[in-house]
Amino acid sequence: MEAENLTVAALGEPGRRPVLPPGPVVIAIENVTKLYRMGDETIHALRGVSLDIRRNEYLAIMGPSGSGKSTLMNMLGCLDTPTSGRYDFTGRAVKGMDDNELAEIRNREIGFVFQTFNLLPRSDALRNVELPLIYAGLRPAERQARAREALESVGLGDRMHHKPNELSGGQRQRVAVARALVNRPSIILADEPTGNLDSKTGVEIMALFERLYEAGNTLIVVTHEEDVAHYARRVVRLRDGRIESDQPMS
Amino acid sequence: MNELVESFRIAFAEIRAHKLRSALTALGVIIGIVAVTLMGTAINGIGIGFQRSLAMLGDDVMYVNKWPWHNVDDWWNYVNRPPIVPEDAEKLNRIIADTPGSQLDVAVFVNARSTTVKVGGNSVSGVYTFGTTAEYGRILTADFKEGRLFSETESRAARPVCVLGYDVANALFPGRSALDATVLVQGQPYRVIGVLVHQGAFLGLFSFDNQTIIPLGAYAKHFGTRDGNGELQVKIRDKNRLGEAREELTGAMRRVRGQLPADPDNFSINEQQAFKAQLDPITNGIAIGGLFITGLALFVGAIGIMNITFVSVKERTKEIGTRKALGARRRTILLQFLIESVSICLVGGLVGLAITGGLCLAVSLAMPSLPVVFSIGLVAVGLLVSTLTGILAGFAPAVGASRLDPVVALRYE
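Conventions we followed
- Numbering of residues begins from 1 in every chain and follows the order in which that chain's sequence is written.
- Chain A is the first chain written and ligand 1 is the first ligand written, with later ones labelled in order.
- The model is predicted, so local features are restricted to residues of pLDDT at least 70 and side-chain atom pairs to those at 80 or more, both for listing and for counting; the totals for chains, interfaces and linings are taken over all residues.
- As a convention, hydrogens and water are excluded, and side-chain values are obtained from all of the structure's heavy atoms.
- One bridge is not enough; two strands pair if DSSP finds at least two bridges between them.
- Starting at the N terminus, helices and strands are each numbered in turn, a helix being any DSSP run of H or I of at least four residues and a strand any DSSP run of E of at least two.
- Between N-to-C directions, angles span 0 to 180 degrees; the directions come from axes that are lines fitted to C-alpha atoms, helices contributing only their stretch in contact.
- A helix's residues, less one, multiplied by 1.5 Å, set its expected span.
- For every residue, the accessible area (1.4 Å probe, protein chains only) is compared with the maximum for its type, and the residue is labelled buried under 20%, exposed over 50%, or partly exposed between those bounds.
- Contacts described as polar in this section are N or O atom pairs within 3.5 Å, which, within protein, must combine one atom able to donate a hydrogen with one able to accept it, while residues neighboring in sequence count only if both atoms come from side chains.
- Here, the term nonpolar core denotes a set of buried Ala, Val, Leu, Ile, Met, Phe, Trp, Tyr and Cys residues that are joined through side-chain atoms within 4.5 Å.
- Should any heavy atoms of two residues lie within 4.5 Å, those residues are counted as being in contact.

A. Local environment of the sheet that holds strand S6 (residues 110-113) of chain A. Residues and elements named next belong to chain A. Strands sit in the order S6-S7-S8-S3-S9-S10 across an open sheet of six strands; the sheet is mixed. The sheet terminates laterally at S6 and strand S10 (242-248), the two strands that pair on one side only. Within the sheet, the average angular offset between the axes of one strand and its neighbour, ignoring direction, is 15°. In this structure, strand S3 (residues 58-62) lies alongside strand S8 (residues 219-223), joined through five bridges in parallel fashion.

Written out as structure tokens, the structure is:
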């Protein structure tokens with residue numbers, strides 16, 4: 001239950017928090033564009049975005065609605081592919097991958113944390129965390145062991161057999177974080193992770209992220225809240241489908 | 001493998017979570033499967049009943065009649081044929097005796113009519129009474145419950161003795177032996193010398209238990225034998241050589257009748273096969289028509305499944321998006337929804353088969369004479385049909401689910 005006792009104050013001021021030395025490049029995006037067709041209209045969601053993300057980075061992606069933030073996140077999460085430009089994930093070209101290859105990348109390399117948690121309502125916490133491992137084809141015994149371990153690491157060792165409706169909002173999001181961690185992904189991609197939580201619980205989740213970062217994970221948080229972005233070590237701001245600024249959080 | 005087990009787990013969790021909905025959906029399949037399997041049972045039953053009936057006629061007996069057993073359009077070609085008379089049997093038997101290596105065994109003359117049989121105040125009407133000779137014992141397929149058939153001497157002497165069918169004896173002498181009692185056959189006294197065992201009905205129409213056998217002499221005296229209803233029953237030696245026997249019988253009968261080579265036969269040779277030829281189109285018609293109609297019930301059930309799977313996919317769009325984000329492939333999603341619809345169909349199929357099995361058991365207990373057979377084959381067919389229904393009904397919605405764009409599905413509220 002260590003995480004629940006952490007507060008922003010306990011984390012220290014942003015500038016004084018540790019910054020881990022960045023590792024090799026995980027994500028390399030170069031001049032990526034994305035077009036959507038809505039009837040006769042063509043929407044330029046991304047108009048040439050270039051971005052490198054390295055292992056052990058803690059990145060926040062910010063921007064007002066319509067800035068292309070969601071499109072970029074879908075692209076980073078391999079839920080969508082670019083219209084043009086280059087996207088390499090750990091050196092593999094994502095553009096041109098078929099559905100199954102994208103599914104495999106998502107399964108093995110990316111851990112998703114959603115604003116609305118997206119837990120399966122009829123499965124208990126353990127089953128929810130096991131889900132990516134099922135798709136990865138692991139045996140039941142190994143699956144359960146790893147899911148237990150992940151749940152314990154987010155402080156929910158005593159809630160394994162609770163269904164989502166028997167858990168608080170913060171606990172649900174921690175189950176989702178455990179699910180994101182369980183496949184030991186290259187990046188954890190969080191979309192407004194505190195958007196559906198009260199501020200105290202939100203702080204707890206961000207404290208959990210801090211710990212994950214310090215433990216060597218690569219985090220990308222998409223948010224429109226400055227408070228949330230403050231936890232990151234680097235902030236990328238988007239506007240009208242372009243990167244407006246990309247600087248370390250000071 | 002893992003994926004399959006997981007899909008079944010999810011499917012059953014979903015079915016449990018929507019008990020009422022699943023039950024109502026399965027109901028359509030249950031009704032369909034019950035209809036189809038009951039139809040199958042009925043068609044089986046008709047076939048088996050038919051075989052049993054044919055066995056009663058004896059599969060090694062040919063019948064020589066004035067008329068063929070099938071319907072004829074040109075009745076004028078038959079109506080002036082001479083009737084079959086007892087002398088035909090005597091002549092035919094002489095020819096058989098003179099033919100070395102004959103395929104024919106013996107010919108017996110039989111003439112029959114409907115009578116009323118009485119004893120005291122009890123009477124049974126519509127009894128099929130036939131006069132024949134002692135040689136009939138070689139053709140009779142039924143055993144005697146008590147007593148015997150009349151002897152050669154009794155037959156020749158036209159003794160007033162009779163053998164009663166099971167039902168006739170039971171009706172006239174409930175709970176006691178009929179032997180040596182005297183019954184009135186159409187007003188004439190006959191002494192009962194034998195009672196046949198229970199045989200059942202031919203095609204459910206003509207009861208072999210509602211009959212009386214009397215010596216031909218006595219029959220001739222009381223009813224006459226030249227009414228055109230006479231027939232020869234000819235037992236053959238080898239039922240695997242029916243064709244040869246038929247050829248021989250035709251030739252022998254033409255000699256009996258003294259026909260010239262150019263004359264057409266003035267008699268008809270009938271076999272039980274003729275019934276089969278007549279009944280086959282009927283059973284086939286029932287099978288095709290019945291299965292089509294019952295298939296419609298199943299089709300309606302399948303539409304129900306398809307509908308509910310579409311609803312289920314729609315409801316769980318966000319869940320599908322989440323699963324895809326976590327690495328579920330198209331195939332995994334497809335399989336999940338297919339297995340769900342197949343599971344509902346299989347559960348419905350099992351319940352349907354249980355209902356059909358129960359109905360068959362109840363019918364066979366209530367009416368043991370009906371040939372109701374609930375076979376393993378029917379269970380296999382029932383399960384196969386339910387599985388196919390599930391696959392066909394679930395396919396379109398499952399493909400739709402598998403092709404959902406994860407971005408769109410995740411945004412769905």
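B. Just helix H7 (residues 199-214) of chain A, in detail. All names here are of chain A. Taking 1.5 Å of rise per residue, 16 residues should cover 22 Å, and H7 covers 22 Å from first to last C-alpha, within 8% of that figure. Every buried residue of H7 is accounted for by Thr201, Gly202, Glu204, Ile205, Met206, Ala207, Leu208, Phe209, Glu210, Leu212 and Tyr213. The N-cap of H7, judged by a side-chain oxygen 3.2 Å from the amide nitrogen of lysine 200 a few residues on, is aspartate 198. One or two steps after H7, the chain reaches glycine 216, where phi turns positive at roughly 105°.

C. Up close: the sheet that holds strand S2 (residues 41-54) of chain A. Residue and element names in this part refer to chain A. Across the sheet, four strands lie side by side as S2-S1-S4-S5; this open sheet has antiparallel pairing. Only two strands of the sheet have a single neighbouring strand rather than two, namely S2 and strand S5 (92-93). For strand S1 (residues 25-38) and S2, the ladder comprises 11 bridges, and the chain directions are antiparallel. Across the sheet, residue valine 32 finds its bridge partner in S2, namely valine 49.

D. Seen up close, the pairing of strand S10 (residues 211-215) of chain B. All names here are of chain B. With five of its five residues buried, S10 lies for the most part within the structure. Sheet analysis places strand S3 (residues 122-132) next to S10, joined by five bridges and oriented parallel. Following the sheet pairing, phenylalanine 130 is matched in S10 by isoleucine 213. Note: strand S5 (residues 161-164) against S10, two bridges, orientation antiparallel. Across the sheet, residue valine 163 finds its bridge partner in S10, namely isoleucine 213.

E. Geometry of the nonpolar core. Counting residues in each nonpolar core, the largest one holds 43 residues, and the members touching the most others are Tyr58(A), Val129(A), Leu151(A), Val175(A), Val177(A) and Phe209(A). Looking at this core, the elements that each hand over two or more residues are S3, helix H4 (125-136), helix H5 (140-153), helix H6 (169-181), strand S7 (187-191), H7, S8 and helix H8 (226-229) of chain A. For Tyr58(A), the residues in contact, after removing those within four places along its chain, are Met206(A), Phe209(A), Glu210(A), Tyr213(A), Leu219(A), Val221(A), Tyr231(A), Ala232(A), Arg233(A) and Arg234(A). Among the nonpolar cores identified, the runner-up in size contains 34 residues, and Ile61(A), Met73(A), Phe114(A) and Ala325(B) belong to it.

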